[in-house]
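# Structural features, examined
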Amino acid sequence: MEFDELYRKLGYTFRETSLIEEAFRHSSYVNECGIPGLTDNERLEFLGDAVLDLAVSHILMEMFEDA
């Protein structure tokens, strides 16, 4: 996959290109593709959800200290 346009727009180049490719790879593609060892984005999606949960929880705790 080519991500040059994404890198340009973000102003950032990822060192670990396999992770950015995995982040954009849906499980249905991996299932249909049949390439051994190919991973989908569910692991990274789970991690991202956990980070967002932590950040939002922290903000809410600061906003509503007395709740």
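Residues numbered from 1 in each chain as written. Predicted model: local features only at pLDDT ≥ 70, side-chain atom pairs only at ≥ 80, totals over all residues. Heavy atoms only, no water.

### Considerations on the pattern of salt bridges
Threshold: By convention in these notes, a salt bridge is any Lys or Arg side-chain nitrogen within 4 Å of a carboxyl oxygen on Asp or Glu. Helical segments are the DSSP runs of H or I of at least four residues, strand segments are the runs of E of at least two, and each set is numbered from the N terminus. Working definition: with a 1.4 Å probe on protein chains only, accessible area under 20% of the residue-type maximum means buried, over 50% means exposed, and in between means partly exposed.
In this structure the tally under the stated criterion is four salt bridges. With its nearest N and O atoms 2.6 Å apart, the salt bridge here joins Glu5 to Arg8. In this pair, Glu5 and Arg8 are both assigned in helix α1 (residues 4-10), three residues apart and thus about one turn of the helix distant. Here Glu5 falls in the partly exposed class, since its relative accessible area comes to 43%. Given a relative accessible area of 56%, Arg8 falls into the exposed group.

### Quick word on the environment of Leu10
Looking at the secondary structure, you find Leu10 in helix α1. Assessed through its relative accessible area of 51%, Leu10 is described here as exposed. Residues Leu10 and Gly37 lie 27 residues apart in sequence; the distance between their C-alpha atoms is 29 Å.

### A closer look at the packing of aromatic side chains
Remark: the centre distance and the inter-plane angle together describe each pair of aromatic rings, the angle taken between the planes. Which entries qualify depends on this criterion: Note on ring pairs: Phe, Tyr and Trp rings are taken, using the six-membered ring of Trp, and paired if centres are within 6.5 Å. Classes follow the plane angle, with under 30 degrees stacked, over 60 edge-to-face and the rest tilted.
Evaluated as defined, the whole model comprises four aromatic pairs. Taking the centre distance of 6.4 Å and the plane angle of 35 degrees together, the rings of Phe3 and Tyr7 count as tilted. For Phe3, a relative accessible area of 10% gives the class buried. Taking relative accessible area as the criterion, Tyr7 reaches 11% and is therefore assigned buried.

### Brief notes about the environment of Met61
Mapped onto the elements, Met61 comes out in helix α4 (residues 42-63). For the pair Met61 and Asp4, spaced 57 residues apart in sequence, the C-alpha to C-alpha distance is 39 Å.

### Some details on the confidence of the model for the protein chain
The condition that has to hold: Values of pLDDT, which run from 0 to 100, indicate the predictor's confidence residue by residue.
Scored by pLDDT, the protein chain comes out at a mean of 93, with 99% of its residues at no less than 70. Across the protein chain, element-level confidence peaks in α4 with a mean pLDDT of 96 and bottoms out in helix α2 (residues 17-23) with 90.

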